[in-house]
Amino acid sequence: MKIVKVEPIWLRVKPFNEPCEWGEDAFILKIHTDNNLYGIGESDSAAAVLKMMFEQPSTHGSCRNLSEILLGQDPRNIKKIMDDLLEGSAYYGYSGALICALSAINIALYDLLGKIYGVSVAVLLGGKRKDYLNAYATFIPSQDLKANAVKAKHLKSEGFKLLKFGGAGFGSNALSDKEIIQGIREAVGDEVKLSIDLVGLWKNFSYARERFLDIKEYNLEWIEEPVGMNNVCDYARLSEHLPCKITGGEGFYTQNEFENFIKKSKVSIVQPDITRCGGFDTMVEVEKLSLKYGCDLVPHGFSTGILLAATVQFLASSKHCDLIECSQSTSALYTHLVKNLIPCKDGIIAIEDVVGIGVELNEELIKQYRIDIKI
Ligand SMILES: [Mg+2]
């Protein structure tokens, strides 16, 4: 059995002269074999940049076209293939966009392996340990406080016990941030937990502590990425001094980066994104690190139904992790790219017995939004 075709696919809903805000572009990957199977992967990253890594001409042995490394390989040899990819891409740099591309490959290879053997990826990772996951809902808050209240009440009525909000500049204006938190807390009452995501906008320890004191009364469950991801000393001071969980990690890649971050930042929750960190293999290693250093792991996930399905398979096999992020994006790439998008009911995601990651793609939507620019 061998890999005969690699399809890097850039999807974009918006025209180039309009910004993609959240989830309106995506990078997905199909890896095809000579027995007519294909695996599906994704990376939530700079889609056009990743596509180029699969299409650019190789220059030398450490700067190779990623498709070229994959073609002809036996897809069952995942560890060997990942080693070959790292060796052939050293000049890309072992972080950032390269690891995002390798994440998509890793997910697609595990999906393919599941299809070859007729089992779920959870089985390949050691077996399914649970039938349900607790889900929390993430949304982007508006400056319209009434709209936030309607949304938060709706999510509460759908059964979510934890809501998180952030993005669209939330974190950059202390006064309006406080009004947004207050409005949402009043809308859902005390029985729903709330978390906020600052996307690093609270600058440093002193500023973050002041902002926290402003909003302490709203009893937040966690504060995500209060400061820039590389400000690990600020993370450590906040983790030690604030009576609230500090979380982060969605922007890190590889086991080494996660070990450095978890150890130094002292976060309560680490949040790797399976489509960026290195795929299933790295998620498994980050779970081990979370146990070693005493923090929880709650995966980051705010992209398409491929990411959601892959994250479900990782969590299904995990001994310690059972909380999953449930995007409230209205982008067609979240709602319709995957025909069988995993549903969330009463704040719970049921883990079905699937093959691979269990995703069926909407080929019509892919045709509609596919960007094919070749060099
Ligand atoms: Mg985040």
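Quick notes on the rules
Residues numbered from 1 in each chain as written. Predicted model: local features only at pLDDT ≥ 70, side-chain atom pairs only at ≥ 80, totals over all residues. Heavy atoms only, no water. Salt bridge = Lys/Arg side-chain N within 4 Å of Asp/Glu carboxyl O. Buried < 20%, exposed > 50% of the residue type's maximum accessible area, 1.4 Å probe, protein only. Helix = DSSP H or I, 4+ residues; strand = E, 2+ residues; numbered from the N terminus. Domains from an automatic or database assignment. Contact = heavy atoms within 4.5 Å. Buried area = accessible area lost by both parts, 1.4 Å probe. Polar contact = N/O pair within 3.5 Å; in protein donor to acceptor, adjacent residues only side chain to side chain. Nonpolar A, V, L, I, M, F, W, Y, C, P; charged D, E, K, R; others polar. Pairing = 2+ DSSP bridges.

Draft legend 1. Local environment of the pattern of salt bridges. Tallying each qualifying case throughout the model produces 25 salt bridges. With a shortest N-O distance of 3.1 Å, R64 and E68 are connected by a salt bridge. We classify R64 as partly exposed; its relative accessible area is 26%. When its relative accessible area of 38% is taken as the criterion, E68 is described as partly exposed. Across the pair D84 and K80 runs a salt bridge, and its minimum N-O distance is 2.5 Å. One end of the pair, D84, and the other, K80, are both in helix α3 (residues 78–87), four residues apart, so they sit about a helical turn from each other. What makes K80 partly exposed here is its relative accessible area of 42%.

Draft legend 2. Spotlight on the domain arrangement of the protein chain. Here the protein chain is partitioned into domain 1 (3–122 + 362–370) and domain 2 (124–350). Here domain 1 and domain 2 have C-alpha centroids that lie 25 Å from each other. At the interface, 36 residues of domain 1 touch 37 residues of domain 2. Around 2800 Å² of area is buried between domain 1 and domain 2 when both sides are counted, 65% of it from carbon and sulfur atoms. It is W22, D44 and A122 that lose the most area in domain 1 upon contact with domain 2, and together they represent 25% of the buried surface on that side. The interface formed by domain 1 and domain 2 holds one salt bridge in total. The partner of R276 in a salt bridge is D44, with the nearest N and O atoms 3.2 Å apart. Linking domain 1 to domain 2 there are 24 residue pairs in polar contact (both at pLDDT 80 or more). The set of elements that each furnish at least two residues to the side of domain 1 that touches domain 2 consists of β2 (25–33), β3 (38–43), α3, α4 (96–117), α5 (121–124) and α14 (363–369). Grouping the amino acids of the side of domain 1 that touches domain 2 by side-chain chemistry returns 21 nonpolar, ten polar and five charged.

Draft legend 3. The arrangement of the sheet that holds β3 in detail. Read across the sheet, four strands follow the order β3-β2-β1-β13 without closing on themselves; strand pairing throughout is antiparallel. Since the sheet does not close on itself, it has two edges, and those belong to β3 and β13 (370–371), each with one partner. As judged from the nine bridges shared by strand β1 (residues 3–12) and β2, these two strands associate in the antiparallel manner. Of the residues in β2, the one forming a bridge with E7 is K30.

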